[in-house]
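This is what each chain is made of:
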Amino acid sequence: MEIKVLGPGCANCEKMVEMAKKAVAELDIDANIEKVTDIQEIMKYTMSTPGLVVNGKLKHSGKPLPSPDKVKELIKSEM
């Protein structure tokens, strides 16, 4: 599974990375989590950060951040 967290590196983006890592650990799945900070790459998916992309599909973008349980649900939906 490929997971991308889109954002320039703000506090919310960092929090999204941590929630994604925790969700992957709790779901006990093999996933590559990539932090994307390049604005050109981010714009391929969304204009609002932070963004969460799972297997090439945009699952969340912008604020407010989803709850940790919602992040887990979004990742699980692509299993």
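As a reminder, the structure under discussion sits directly above these lines.
Residues numbered from 1 in each chain as written. Predicted model: local features only at pLDDT ≥ 70, side-chain atom pairs only at ≥ 80, totals over all residues. Heavy atoms only, no water.

A. Summary view of the side chain of His60. Counting through the fold element by element, His60 comes out in strand S4 (residues 57–61). By relative accessible area, His60 is classed as buried at 16%. In this structure, His60 is in contact with Met16, Pro50, Gly51, Leu52, Leu65, Pro66 and Leu74, ignoring residues within four places of it in sequence. (Helix = DSSP H or I, 4+ residues; strand = E, 2+ residues; numbered from the N terminus. Buried < 20%, exposed > 50% of the residue type's maximum accessible area, 1.4 Å probe, protein only. Contact = heavy atoms within 4.5 Å.)

B. Spatial organisation of helix H3 (residues 68–76). Considered for burial, the residues of H3 that qualify are Val71, Leu74 and Ile75. Seen along its axis, H3 keeps its buried residues to an arc of 95°; they face one direction. Facing away from the buried side of H3, by more than 90 degrees, are the exposed residues Asp69 and Lys76. Looking at the buried residues of H3, the elements they touch are strand S1 (2–6), helix H1 (11–27), strand S3 (51–54) and S4. (Arc of directions from axis to C-beta.)

C. Molecular detail of a nonpolar patch on the surface. On the surface, a cluster of nonpolar side chains totalling about 350 Å² of accessible area is made up of Ile39, Met43 and Met47. Mapped onto the secondary structure, Ile39 falls in helix H2 (residues 39–42). (Patch = residues over 30% accessible without salt bridge, like charges linked within 9 Å, V, L, I, M, F, W, Y side chains within 5 Å. Areas by Shrake-Rupley, 256 points an atom, 1.4 Å probe, with all protein chains shown as cover. Salt bridge = Lys/Arg side-chain N within 4 Å of Asp/Glu carboxyl O.)

D. View of the pattern of salt bridges. Evaluated as defined, the whole model comprises 8 salt bridges. A salt bridge links Glu26 to Lys22; the shortest N-O distance between them is 3.8 Å. Of the two residues, Glu26 and Lys22 both sit in helix H1, 4 residues apart, roughly one turn of that helix. When the shortest N-O distance is used, the salt bridge between Lys72 and Glu26 registers 2.8 Å. Of this pair, Lys72 sits in helix H3 while Glu26 sits in helix H1; the two residues are 46 residues apart in sequence, bridging distant segments of the chain. Classification of Lys72 by relative accessible area gives partly exposed; the value is 23%. When salt bridges that share partners are traced, they join Lys4, Glu41 and Lys44 into one network.

Functional significance is not addressed by these values, which are geometric in nature.
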